[in-house]
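Each chain is listed here by its residues.
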Amino acid sequence: MQIRELKIPDSYEITPKQFPDDRGVFLEWYRFDRLAEVVGHPLQLAQGNTSVSKRGVVRGIHFADVPPSQAKYVTAARGAVLDFVIDIRVGSPTFGQWDSVLLDDVDRRAIYISEGLGHCFVALTDDATVSYLVTSTFNAEREHGINPLDADVALEFGIPAEELLLSPKDTDAPGLAEAAASGLLPTWDAARAYYAELNGAH
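Scope of this entry: the structure provided in the associated data block. (Residues numbered from 1 in each chain as written. Predicted model: local features only at pLDDT ≥ 70, side-chain atom pairs only at ≥ 80, totals over all residues. Heavy atoms only, no water.)

Attention shifts here to the overall build of the protein chain. Looking only at helices and strands, the protein chain has four helices and 13 strands in total. Its C-alpha atoms put the protein chain at 55 × 45 × 30 Å along the principal axes. Sequence separation of at least 24 residues holds for 81% of the intrachain contacts in the protein chain that already meet a minimum separation of 6. For the protein chain, the exposed surface amounts to about 9700 Å²; the carbon and sulfur share of it is 51%. (Helix = DSSP H or I, 4+ residues; strand = E, 2+ residues; numbered from the N terminus. Contact = heavy atoms within 4.5 Å. Areas by Shrake-Rupley, 256 points an atom, 1.4 Å probe, with all protein chains shown as cover.)

Let us now look at the layout of surface pockets. The rolling of a water-molecule-sized probe over the atoms marks out the regions of remaining empty space. Counted as a void, the largest pocket has a volume near 440 Å³. Residue assignment for the lining of the largest pocket shows that the elements contributing at least two residues are strand 5 (47–53), strand 6 (58–64), strand 11 (118–123), strand 13 (143–145) and helix 2 (168–171). It is strand 6 that provides the largest number of residues to the lining of the largest pocket, a total of four residues. Here the residues of the lining of the largest pocket are counted per class, giving eight nonpolar, nine polar and five charged. (1 Å grid on protein atoms, 1.4 Å probe; cavity = no way out; pocket = protein on both sides within 12 Å on 5 of 7 lines; lining within 4 Å. Points joined across faces, edges and corners; volume = space filled by probe spheres on them. Nonpolar A, V, L, I, M, F, W, Y, C, P; charged D, E, K, R; others polar.)

Another point: helix 1 (residues 32–39). If you check which residues of helix 1 are buried, you get L35, A36 and V39. Seen end-on, helix 1 carries its buried residues on one side only, within an arc spanning 105°. Packing partners of the buried residues in helix 1 comprise strand 1 (2–5), strand 2 (11–15), strand 7 (72–78), strand 10 (110–113) and helix 4 (188–200). Positive phi shows up at G40, right after helix 1, with a value of about 110°. (Buried < 20%, exposed > 50% of the residue type's maximum accessible area, 1.4 Å probe, protein only. Arc of directions from axis to C-beta.)

The next subject is the sheet that holds strand 7. What the six strands build is an open sheet, ordered 1-2-10-7-12-5; its pairing is antiparallel. Every interior strand has two partners, whereas the edge strands, strand 1 and strand 5, have only one. On average, each strand axis in the sheet is inclined to that of its neighbour by 20°, with strand direction left out of account. Most of the contacts of helix 1 go to strand 1, to which it runs at about 25°, and overall it touches strand 1, strand 2, strand 7 and strand 10. (Pairing = 2+ DSSP bridges. Axes fitted to C-alpha atoms, helices over the stretch in contact; angles between N-to-C directions.)

Enumeration according to the criterion identifies one cavity of 30 Å³ or more in this entry. Considering only enclosed or pocket space, the largest cavity measures out at about 40 Å³ in volume. Around the largest cavity, the lining residues are H62, F63, A64, S69, Q70, K72, L117, H119 and E143. Tallying contributions element by element places strand 6 first for the lining of the largest cavity, with three residues.

This brings us to the pattern of salt bridges. In total, this model carries 12 salt bridges according to the counting rule given. Residues R31 and E28 are paired through a salt bridge, measuring 3.1 Å at the closest nitrogen-oxygen approach. Residue classification places R31 among the partly exposed residues on the basis of a relative accessible area of 30%. For E28, a relative accessible area of 36% gives the class partly exposed. (Salt bridge = Lys/Arg side-chain N within 4 Å of Asp/Glu carboxyl O.)

What follows is about the environment of D33. Looking at the secondary structure, you find D33 in helix 1. Linking D33 and G56, residues 23 residues apart in sequence, is a C-alpha distance of 35 Å. Among the polar contacts listed, one links the side chain of D33 to the side chain of R31, at a separation of 2.7 Å. (Polar contact = N/O pair within 3.5 Å; in protein donor to acceptor, adjacent residues only side chain to side chain.)

Looking at chain direction, strand 3 (residues 18–21) and strand 4 (residues 24–27) are connected through four bridges and run antiparallel. Counterpart to Q18 in the pairing with strand 4 is L27. In this structure, the hairpin formed by strand 3 and strand 4 is closed by a connection of two residues.

Any functional reading would require information beyond the geometric quantities listed.
Next comes the structure, spelled out in structure tokens:
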């Protein structure tokens, strides 16, 4: 597999090598050792999630308090989504910026998103099926959101705005500036300190 760091530090695109034959195709979509080489530590996987979305559904921007937050390894088993990583770490050199990876059932890429980063995706097809491996279990009190339509973030969904489908939870979430002003967001220093702690433990 090929692993490429995205423009947001501590996030990566993973492209597996596929082995097709007359029966179908085989691939390794996750390798803890290969990812640990670039992240600095193996992932302590705690939970696996799956979502199925119709075209135009937007999920996110979601994040969790640091520490321990929740690192994510995400892929699409069916259909296609445009997956976004958003730097919401106050003080980061790329704060407020984002990058994206097309996850689909053709190239079968994955994206790794470190603790403290924001995550969002938009479904480009019906029945878009996304699987997430995460490093901590869900804790509602520590989970937060930013409005994915926030003009300061300016995500480019590639789908007309009138066709987007969002939950009230996501549309009611604060914008990036409001979340920063209220102290809701993780900081660059806290995230880096936590990464160093994880790396030092291995």
